[in-house]
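Residue-level structural notes
If you want the building blocks of each chain, they are given just below.
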Amino acid sequence: MPRPMTMAEKILADHAGLEEVVPGQLIECDLDGVLANDITAPIAIKTVREIGAGIWDRDKIFLVPDHYSPNKDIKSAEQTKVTRDFAHEMGITHYFEQGCMGIEHALLPEQGIVVPGDLVIGADSHTCTYGGIGAFSTGVGSTDAGVGMATGRAWFKVPETIRFEIEGELPEGASAKDIILHVIGRIGVDGALYCAMEFAGSTIEHLSIEGRLTIANMAIEAGGKAGLFEVDDRCRAYVERRAEHALRAYHPDEDASYRQVIHIDAADVIPTVSWPHLPSNTHPVFESRHIAIDQAVIGSCTNGRIEDMRAAADVLRGRTVDPSVRCIVIPATQGVWLQCVHEGLMDVFIDAHCVVSTPTCGPCLGGYMGILAAGERCVSSTNRNFVGRMGDPTSEVYLASPAVAAASAVAGHIALPQDLS
């Protein structure tokens, strides 16, 4: 009989062809997918060409030009051209041209390309997002991604697992974004360093898939190797109508060994803002109302899904953005963008005087579509607020939920929806 194992250990053991694995063990695994974007793909492609064996599987390589697309300048156009030409040369199935793409970590689950039980690596740190639907996914360097593209295999050190058991009902106004900000604020940006973060409990069971993806997305902001959620009926309902291949549900054993089990009362999770310059610098929104802002961003691989668009629209409906604030709304995929049109959310955003963009990472990494000038402040539904993350090194980014970002845009300062008259 194999030893009792966590979710992460079971997925890795299965993909390594082993009955069991233990934390710290070095293993080589078969992959279900390799991801790269317009920034990271060219380096991975160079590695593939240096290996000289071509690609492993044209259906299991995912190339998504989302960071500087539509191209913002000549350099970004050249980066995308390298990616595009390689995709066409190799006949890669999952290359997403501008006009049918989206932000990669929202797009792949939406399209059913990544499903529960998959083992996926990506040349982007937020690849951990897919743990929200029960996949083990993690960010790697571009060279490692290139090796994965060529061979279909990758080395892993089996991580320890920290289990987060969250019980009870969230207070009014609190969301999945507030859960993960609460967790990061509690354990710090290195509190789960090279650990899998396993989320469970009644609060998690009642979360939407969008909410679970949001939490898994920010596991890396606590140093996590992956964020994992068990497959349940809610997850199956989301996945089965879109999945390209069969899902595999892995569940932790009851007597699995964890590095730590952290219990959280959902009643303690309140609307939260991460002040500069770390995601762990968390404060309640009600303690942040004195902070005036110049910009609000609603979108990203963290909070650009339809649930996030609806939450922002509910706040903005019948209101207008403060004249001193720029509010930028970025639906994460073309599918979300079109759904916003069908549901009348675009009318709400335009009537509220928001800028609405085609899907792009854009301002999240200080790329374009919302660069901050010296001393400016932005409240954002993105995932990082490091020094200079969104522009000038003296600018500041405050991380929050879409509802708080929308309310702040209307108020002209960090605010809760209930603060608006």
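Residues numbered from 1 in each chain as written. Predicted model: local features only at pLDDT ≥ 70, side-chain atom pairs only at ≥ 80, totals over all residues. Heavy atoms only, no water.

Helix α8 (residues 209–217) packs onto helix α6 (residues 176–187) with a crossing angle of 25 degrees between their chain directions and a minimal axis gap of 8 Å. By the angle class used here, α6 and α8 are roughly parallel. The chirality of how α6 crosses α8 is right-handed. Here A176, K177, I179 and I180 of α6 come into contact with α8, specifically with G211, T214 and I215. For the contact of α6 with α8, a count of residues per class yields four nonpolar, two polar and one charged. (Axes fitted to C-alpha atoms, helices over the stretch in contact; angles between N-to-C directions. Helix = DSSP H or I, 4+ residues; strand = E, 2+ residues; numbered from the N terminus. Parallel < 35°, antiparallel > 145°, perpendicular 65-115°, else oblique. Left-handed = near helix turned anticlockwise from the far one by under 90°. Contact = heavy atoms within 4.5 Å. Nonpolar A, V, L, I, M, F, W, Y, C, P; charged D, E, K, R; others polar.)

Backbone hydrogen bonds hold the strands of a sheet together, and the pairing may be parallel or antiparallel. Overall, parallel pairing links the five strands, which are arranged β4-β3-β2-β5-β6 in an open sheet. In this open sheet, the two strands that pair with only one neighbour each are β4 (94–95) and β6 (136–139). Note: strand β2 (residues 33–37) against strand β3 (residues 61–64), four bridges, orientation parallel. Paired with A36 across the strands is L63, a residue of β3. (Pairing = 2+ DSSP bridges.)

What follows deals with helix α5 (residues 142–151). All buried positions along α5 are accounted for by S142, A145, G146, G148, M149 and A150. Residues of α5 that are buried sit in contact with β2, α2 (41–51), β3, β5 (119–122) and β7 (153–157). Just beyond α5, the residue with positive phi is G152, at close to 75 degrees. (Buried < 20%, exposed > 50% of the residue type's maximum accessible area, 1.4 Å probe, protein only.)

Further remarks concern the side chain of S381. Positionally, S381 belongs in the loop between β17 (377–380) and β18 (396–399). Since its relative accessible area comes to 0%, S381 is described here as buried. Here S381 is in contact with K177, V297, I298, G299, S300, T302, N303, A400, S401 and P402, once residues within four sequence places are set aside.

As a measure of interface size, the accessible area lost when the parts come together is often cited. Per the domain assignment, the segments making up the chain are domain 1 (7–263) and domain 2 (272–419). Taking the mean C-alpha position of each, domain 1 and domain 2 sit 24 Å from one another. With both chains or domains summed, domain 1 and domain 2 bury close to 2800 Å², and 59% of this area falls on carbon and sulfur atoms. For the pair domain 1 and domain 2, the interface holds one salt bridge. Here domain 1 and domain 2 share 21 residue pairs in polar contact (both at pLDDT 80 or more) between them. Where the side of domain 1 that touches domain 2 is concerned, the elements lending two or more residues are α4 (104–110), α6 and α8. (Domains from an automatic or database assignment. Buried area = accessible area lost by both parts, 1.4 Å probe. Salt bridge = Lys/Arg side-chain N within 4 Å of Asp/Glu carboxyl O. Polar contact = N/O pair within 3.5 Å; in protein donor to acceptor, adjacent residues only side chain to side chain.)

UniProt annotation of "binding site: [4Fe-4S] cluster" (unreviewed entry) refers to C301, C361 and C364 when read in the numbering used here. Look at the named residues: they lie 64 residues apart in sequence, but the longest C-alpha span between them is just 9.3 Å, so in the fold they bunch up. Checked against the element boundaries, C361 lands in the loop between β16 (355–356) and β17. For C361, a relative accessible area of 12% corresponds to the buried category. Setting aside residues no more than four positions away along its own chain, C361 makes contact with D66, H67 and I103. Tracing the chain through its elements places C364 in the loop between β16 and β17. (UniProt positions renumbered as here; feature names shortened; annotations may be inferred.)

In contact at an axis separation of 8 Å, helix α11 (residues 306–316) and helix α14 (residues 402–411) are set at 30 degrees when each is read in the N-to-C sense. By the angle class used here, α11 and α14 are roughly parallel. As α11 runs across α14, the sense of the crossing is right-handed. Contact residues: D308, A311, A312, V315 and L316 in α11; P402, A403, A406, A407 and V410 in α14. Partitioned by chemical class, the residues of the contact of α11 with α14 number nine nonpolar, no polar and one charged.

Attention now goes to the pattern of salt bridges. Summed over all chains, the structure comprises 21 salt bridges. Measuring nitrogen to oxygen at the nearest pair gives 2.8 Å for the salt bridge that ties R289 to D419. Of the two residues, R289 sits in the loop between β13 (282–284) and β14 (295–299) while D419 sits in the segment after α14, which places them 130 residues apart along the sequence. The class for R289 is partly exposed, based on a relative accessible area of 35%. One salt bridge connects R377 with E396, and the closest N-O pair in it is separated by 2.9 Å. Taken as a pair, R377 in strand β17 and E396 in strand β18 lie far apart in primary sequence, 19 residues in all. A single salt-bridge network, built from bridges that share partners, covers E28, D30 and R153.

Turning our attention to the environment of A16. Inspection of the secondary structure puts A16 in helix α1 (residues 7–16). In this structure the C-alpha to C-alpha distance between A16 and M149, which are 133 residues apart in sequence, comes to 17 Å. Discounting residues that sit within four places of it in the chain, A16 has contacts with I27, E28 and C29.

What follows is about the sheet that holds strand β8 (residues 160–167). Spatial ordering of the open sheet is given by β10-β9-β8-β11, a layout of four strands whose pairing is parallel. Unpaired on one side and paired on the other, β10 (226–229) and β11 (260–265) mark the two borders of the sheet. Recorded for the sheet is a direction-independent mean angle of 20 degrees between the axes of neighbouring strands. Where strand β9 (residues 195–200) lies against β10, four bridges are found, and the strand directions are parallel.

Moving on, we get to the environment of A154. Note on placement: A154 falls in strand β7. Note: C-alpha distance between A154 and E230 (76 residues apart in sequence) is 24 Å.

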